[in-house]
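# Structural overview
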Amino acid sequence: MKPSPRIRSLWRNLFRRSRVEVDLDQELRAYVDELAEEKRAAGMEPGEARRKALLETGGVEQVKESVREVRAGALLETVIQDVRYGARTLFRSPGSTAAAIVALALGIGASTAIFSVVNAVLIRPLPYGHPERIAVILHGGSQPVSPANLAAWRKASRSFRRMGAAEGWNPNLTGSDRPENLSAVRVTSEIFSMLEVPPLLGRFFLPGEDEPGRDHSVVLGHGLWSRRFGADPKIVGRRITLNGEPYTVVGVMPPSFHFPPFWNQSAEIWAPLALSPRFASQGESLRVFGEIAPGSTRESAAAEMASITDALERQTPGTNRDVRVRSLKDTVVGNIRPALLVLFAAVAFVLLIACANVAHLLLARAAARQREMAVRTAIGASRSRITRQLLTESLLLAGAGGLGGILIAAWGVHALVAASPGAIPRVATVALDARVLVFTLAISFATGIAFGLAPALALSRRDLTEALREGERGSTEGGARSRLRGFLVGSEFALALVLLVGAGLMIRSLLALQAIDPGFDPRGVLTMVVSVKGTTAEDPARRAAFYQQLLERTRALPGVQAAGAINHLPLAGDIWGWPFEVEGRPPLPAGETQRATYRVVLPGYLETMRVPLVAGRGITSKDVVNSPRVVVINEDFARKHWPAESAIGRRILLAEPERPPVPAVVVGIAKNTVRDLWSSPPSEEMYLAYLQTRSYLESDNSHLQYLTLVVRTGGDPAGLTGAIRGIVGALDRNAPVSEIQTMESVVAGATGQTRFYVVLLGAFAGVALLLAAVGIYGVMAYSVSRRTHEIGIRMALGARPGEVLRLVVRQGLVVALAGTAAGAAGAAGLTRLMGALLYGVAPTDLFTFAVVSGLLIAVAVFASWLPARRATRIDPLSALRYE
Amino acid sequence: MTEPTSLLQGTLDLLILKTLAAGEMHGLGISRRIEQVTHGAFQVKPGSLFPALHRMEEAGWLTASWGESENRRRAKYYRLSRAGRRQLRAETEEWGRISLAIAMALHAT
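Residues numbered from 1 in each chain as written. Chains lettered and ligands numbered in written order. Predicted model: local features only at pLDDT ≥ 70, side-chain atom pairs only at ≥ 80, totals over all residues.

## Examining the overall build of chain A
Heads up, the condition is: Strands here are runs of E lasting at least two residues and helices are runs of H or I lasting at least four, both read from the DSSP assignment and numbered beginning at the N terminus. Think of it as a crowd count around each C-beta: if 20 or more other C-beta atoms lie within 10 Å the residue is buried, if 12 or fewer it is exposed, and in between it is partly exposed, with C-beta placed from the backbone throughout. With C-beta atoms placed from the backbone, a contact is any residue pair whose C-beta atoms sit within 7 Å.
Counting its regular elements, chain A contains 28 helices and 23 strands. Looking at the 883 residues of chain A, the share that counts as buried comes to 42%. Residue pairs at least 24 apart in sequence account for 83% of intrachain contacts in chain A once pairs closer than 6 positions are excluded.

Here you go:
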C-alpha cells in the first residue's frame, strides 16, 4: 500500500529537510526571476525590474517562513528547533542558567518537602472513621482525669454519644526467649467503637469485656504482630503472657492504625480497661475521649461540660478544675502548630526568593537579547514564533529546575522524617505529596513563563528600528525594567532578612538552652529501665534484694565508677506528685493539698548523677523499712518551706491512702535538677528511699514495679550495655530491660526539637542568603556590563578607580538597604508568631536584628564589589570602542 | 477604485484548483491567470499563494515537478492529481450550494 501523501510529506519535511529547503528556495528564486523578466519585457530597466520584483514578492524569507508554517509536522519541527536552540542559548550563559535552575530546584524541593510534612501532620484528617466527631476531655487540655470524674460526666452529659477512657500501660511480654517491655494502652470498650477502624484480623473488645475478670484479651498492633509473632495469620485466639498472666489475642490492627495520637504514641498493643471497681477513685490517670452526639457540636458539648464540671467542682473542690473539651485534632497538633507554620512561612519565603531570582535572571537575559530578537523579527520570524521560542526556553529552564526540585523534595522528606525529634505526631506517615509537588511546579513554571515571555511580548510590540538602534548603542537600559529588577532584588533581601532573623533567634534560643545547668553531670552515664513485673522478683519479699544485687554486681564490673537507681529519671521519665504537709504548720484549708514531685531512689543515685548535696547526707543503705523514714529535698523545697532556717532535721508528713500520714525526717538538701522538660523552671522535689517506700516494695501495680538503673563509667557508657543485660538475665531470665540510653542522649533529646528547628531554619536562611547574594551579584554584574561604555567615558574624563568602585557599590547598596529596612519592619511583625519556639530571647531581639542586617549588607557590598572591581579594570579606549 | 478583495482560504483553494484544471502551470502563471479571469478582482500575493500550493501538494491534490518556463527558465510546475479533480468537483458543488443560499438570503425580503 502506498503511504498517504501527508505521511510522505511529513517524512520528507522531517528527515530530508535540506532537500525541501533547497527546493523551496529555488522555487521562490524562480518566481522572482520570472516576475523580473515579465517587468523587463514590459520595458523596465533590468536593475529596476529586479528591485520591483523583490518588493512585490514581499520578502523572500517571510514567504519561506509562511510556507514552513503550513507544512506537515511544522509544529513538531519548530518545537524541536526551539528546544535545540533554547538549550544552546541556555548553555551559552552557564552561570546564570545554573543559578536559575538551582534557585528553582531549591525552592520547589524545599517547599514540597516541608509542605508534605505540614500536610501529613496538620492538614490531613486523622485516620479514624469520623475524627471530627471525637473530642478529648482533659484538665487544662493536657492533664489526665480521674475515674470518678469520668463516671460523673458519663451520667450527667447529653452531648456525647459515648464517652471512653484510655490509660497508659507497660506490660512485660514473657514466655519466649526474649522478654520485652511493651508500650501499651488500656481502653474502655467505647474507644474502638468511636475510632471506627476495621481490624485487619479478628475483632475489637466487646462491651462487657472491660469488666474485671473478663478483661484478659488484647488487640495487637501491626508492628508488634510482625515483629514478635511472625505475622501469624492464625494468631487470633492464641494466648500470650503479659506480666505473667495469660491474655487472649482477639484482633490485629492494620499497619496505618495508631492510637492514641497525642500521648503514648508508640503504643502497639491494646487491652481492655476494667474501670468499674475504680469509679470512686480520684487518682488522675485517664485520658477521656467523647464522641459528640448527632445534633450536638463541639461548642455545645464544651458548654454543657463547663456547666457540669462547675457544679461538680463546687461539690468537691479540686476535682473538676479547668476541664477542657478540645477537638482530637487540636489536641494532636496544638503544640507543634506554631513550629510548622513558621517552617511553612520559611519555605514560602524561599520559594518566593527563588521565583524572584529566576524572574530577574530572565529579565536580564531578555534585555541582553533585545537586539537578537529585533534582528530575528526583521528577517522574518513571526511574533508567535518568537514567543514560542522564548516559551520553550522558559519551559526548559523550569523543567530542569523542576526535575532538580523533585529530587531535592524526595530527599528532603526523607531527611526531615529522619531528623525530626520524636515529638512530632504522625511523622511516620509523611510521604512526598504529589499534589503539593504539582502545585509548586506549577508556581515555578508560571514564574518562568511570566517573566520569560512578558519582556518578549513587550519587545515584539515595539518599533523594530528603535530596538535595533538601542541595541547598537549599548545604552543603559530602559528605566522601568531596571526598576522592576531592583524591586525584585530588594524583595529578596527583605525576605532573606526575615528568614535570617528567624534563624538567628532560634540559634540564640539554642545557645540559651545549652547554657542551662541540668544540675547533674550527664557525661559517662548509662541508663536503662529494669522491671520485675511477671518475674520471680515480683514477690515483695525478693524485690529489694533483686535490685540491690543488680547494683552490687554492676558496681563490680570493670570500669564502673558508681551505680544507683531511681523510679523516674529527670527529662526522660514522668513526674509524679506526692501530697504532704509540713509538721508543726497549721493544716491546709479543707479540700486543698500540696504536692511535691517525688523521686524514689536506691543508694548511689545522687552520687552517680553527681547531684551535689548542699547540706546533710544522701539516701544510704541503712535507710530501710524499720528505720526512721528519711527524705532528701531539693533547694527549692527547702527555700519554700524553710526560707529562714535550716531544713535539716525537720519533718514532713507524707500522705498515705487510707492510712495516717507517715512522718519523714529531712536528712539532706540536694541541688536543683531539671524536671521533665529541659526549659521548665525547677520546682520542689524530694528523694525518698526505695527501701523504705512500701508502695514500691510491695505493690502489684506494674507502674511501681520498675526502676531506672544509672551507671557511671570512665569509658564509653554504651559499651556497658551487654554486661549489664547479662547480670539482669542471670538474676532472672524473664526480667526485661528497656529504654537503654546514655544520659547524654537524654539531654540531647530534650533540646532536640529546638536543635531541629535551628537546623531547618538555618538551612532555609542560608539558602535565602545565597540566593539574595546571587541576585544582587547578577543585577550589578549586568548593570556594569551595560554601563561599560558610560564607565569608559567617566574614566576617560579622569574618574579614579575608587570613584567608579563607589559608584557601582553604592548602586547595589541602595537596593540592599531598602530591602533590609523593609525586611526588618516585616520581621519585627512576623517573629512575634514564633514566640512559642523561642527560649530566653525576645522575638524582637535587637542584637539578632542588628547582626543579621549587618551580615546582609556586608554580603550586598561584597556581591556588588566583585563586578565593580571589574568595572575599574575597564580600559577607557576599548570601552569606547565596545560593541 | 476599490482595493482588490482579500481571498478567503477556501476561495483561494478553489480558484487554484479551477485554474490548474486547464493544465499545469507555475506559481506566477497561476497568480496571473487568477488575476485575468477575475478581471483583477483577486490579486494573489506570493505570501498566500505559496503556502496554499505547498499545503495542497501535501494534501495530495496537486503534484509538482520542475520544468522550463516560456522564458526558458527553470520553474516549478503544478498539476492537478486525481484527488485534486475530485476535490475540485466537490468544492465547486459546495460553492454553488453556498452562493445559491447566500443569494437567496440576500434577495429575501
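## Concerning the overall build of chain B
Counting secondary structure elements, chain B contains 4 helices and 3 strands. Reading the helices (α) and strands (β) of chain B from amino to carboxyl end gives α-β-α-α-β-β-α. Here chain B, with 109 residues, has 29% of them falling under the buried criterion. Taking all contacts inside chain B whose residues are at least 6 apart in sequence as the whole, residues at least 24 apart take part in 52%.

## Brief notes about the interface of chain B and chain A
To keep it simple, the criterion reads: Throughout, the ten residues Ala, Val, Leu, Ile, Met, Phe, Trp, Tyr, Cys and Pro are labelled nonpolar, Asp, Glu, Lys and Arg are labelled charged, and all others, Gly among them, are labelled polar.
The interface of chain B with chain A comprises 18 residues on the first partner and 19 residues on the second. For the side of chain B that touches chain A, the secondary-structure elements that each account for two or more residues are α2 (27–37), α3 (46–58) and β3 (74–80) of chain B. Considering each element in turn, the side of chain B that touches chain A owes the most residues, 7 residues, to α3(B). Along the lines of polarity and charge, the residues of the side of chain B that touches chain A split into 6 nonpolar, 6 polar and 6 charged.

## Some words on the pairing of strand β21 (residues 685–689) of chain A
Every regular strand shows the same layout, with side chains that alternate between the two sheet faces. Residues and elements named next belong to chain A. Quick reminder of the rule: Two strands pair if DSSP finds at least two bridges between them.
With 5 of 5 residues buried, β21 lies mostly within the body of the structure. Taking every second residue as pointing to the same face, both faces of β21 are buried, with Glu 685, Tyr 687 and Ala 689 on one and Met 686 and Leu 688 on the other. The pairing of strand β16 (residues 595–602) with β21 spans 5 bridges and is classified as parallel. If you follow Tyr 598 over to β21, its bridge partner there is Met 686. As paired strands, strand β18 (residues 630–634) and β21 are joined by 3 bridges and run antiparallel to one another.

## Things to note about the confidence of the model for chain B
The following threshold applies: pLDDT measures how confident the predictor is about each residue, on a scale from 0 to 100.
Averaged over chain B, the pLDDT score is 84; the fraction of residues at 70 or greater is 91%. Across the assembled chains, the prediction reports ipTM 0.85 with pTM 0.63.

## Focus: the sheet that holds strand β2 (residues 62–68) of chain B
Here we have 3 strands laid out as an open sheet, ordered β1-β3-β2 (chain B), and antiparallel in their pairing. The strands lining the two open edges of the sheet, one partner per strand, are β1 (25–26) and β2 of chain B.

## Side note on the nonpolar core
All names here are of chain A. This is how it is decided: In plain words, the nonpolar core is the set of buried Ala, Val, Leu, Ile, Met, Phe, Trp, Tyr and Cys residues that C-beta atoms within 7 Å link up.
Ranked by size, the top nonpolar core spans 158 residues in total, and within it Val 350, Ala 496, Leu 499, Leu 500, Phe 764 and Ala 768 carry the most contacts. Other than its neighbours up to four places away in sequence, Phe 764 contacts Ala 110, Ala 346, Val 347, Val 350 and Leu 499. Ala 563, Leu 569, Ile 619 and Val 667 belong to the second-largest nonpolar core, a separate cluster that totals 67 residues.

## Notes on the environment of A:Ser853
Residue and element names in this part refer to chain A. Note that Ser 853 resides in helix α27 (residues 846–872). Overall, the presence of 21 C-beta atoms within 10 Å leaves Ser 853 in the buried class. The sequence separation of Ser 853 and Val 501 amounts to 352 residues, and the corresponding C-alpha distance is 8.6 Å. Setting aside its immediate chain neighbours within four residues, Ser 853 contacts Leu 497, Thr 820 and Ala 824.

## Observations concerning the pairing of β16(A)
Residue and element names in this part refer to chain A. Of all 8 residues in β16, 7 are buried; the element is thus mostly enclosed. Where strand β14 (residues 560–566) meets β16, 2 bridges bridge the pair, whose relative direction is antiparallel. Residue pairing for β16: Ile 566 is matched across the bridge by Val 601. Sheet analysis places strand β15 (residues 577–582) next to β16, joined by 3 bridges and oriented antiparallel. Counted as the bridge partner of Pro 579 is Arg 595 from β16.

## Description of the packing of helix α2 (residues 17–41) of chain A against helix α4 (residues 60–70) of chain A
Residues and elements named next belong to chain A. We count it as follows: Angles here are taken between N-to-C directions and fall from 0 to 180 degrees, while the axes themselves are lines fitted to C-alpha atoms, restricted in helices to the stretch in contact. An angle below 35 degrees is treated as roughly parallel, one above 145 as roughly antiparallel, one from 65 to 115 as roughly perpendicular, and anything else as oblique. In this scheme the crossing of two helices becomes right-handed for a clockwise turn of the near helix relative to the far one and left-handed for an anticlockwise turn of less than a right angle.
Packing of α2 against α4 leaves a shortest axis separation of 11 Å and a crossing angle of 135 degrees. On the basis of the axis angle, α2 is oblique to α4. Like other packed secondary-structure pairs, α2 and α4 cross with a definite hand, here right-handed. Touching Leu 24, Leu 28 and Val 32 of α2 are Val 60, Val 63, Lys 64 and Val 67, all from α4. Tallied by class, residues from the contact of α2 with α4 come to 6 nonpolar, no polar and 1 charged.

## Digging into helix α23 (residues 743–750) of chain A
Under the convention used in this document: In this description, the arc belongs to the directions extending from the helix axis to the C-beta atoms.
Along α23(A), the residues classified as buried are A:Met743, A:Val746, A:Val747 and A:Ala750. Considered in projection along α23(A), the buried side chains sweep an arc of 95 degrees and stay on one side of the axis.

## Describing unusual backbone geometry
The omega angle of the peptide bond from A:Phe259 to A:Pro260 is -5 degrees, so this bond is cis rather than trans. For A:Pro260, the position within the fold is in the loop between β9 (245–252) and β10 (269–272). In this structure, B:His39 is a non-glycine residue whose phi angle is positive, near 55 degrees. Looking at the secondary structure, you find B:His39 in the loop between α2 and α3.

## Brief notes about the packing of helix α12 (residues 337–368) of chain A against helix α24 (residues 752–786) of chain A
Residues and elements named next belong to chain A. Put simply, α12 and α24 touch, their axes get as near as 10 Å, and they point 15 degrees apart. Between α12 and α24, the interaxial angle falls into the category roughly parallel. Crossing of α12 over α24 shows left-handed handedness. Residue classes in the contact of α12 with α24 are distributed as 22 nonpolar, 4 polar and no charged.

## Quick word on the environment of B:Glu35
Tracing the sequence through the fold places B:Glu35 in helix α2. Ignoring sequence-local partners within four residues, the contact set of B:Glu35 consists of B:Gly40, B:Phe42 and B:Gln43.

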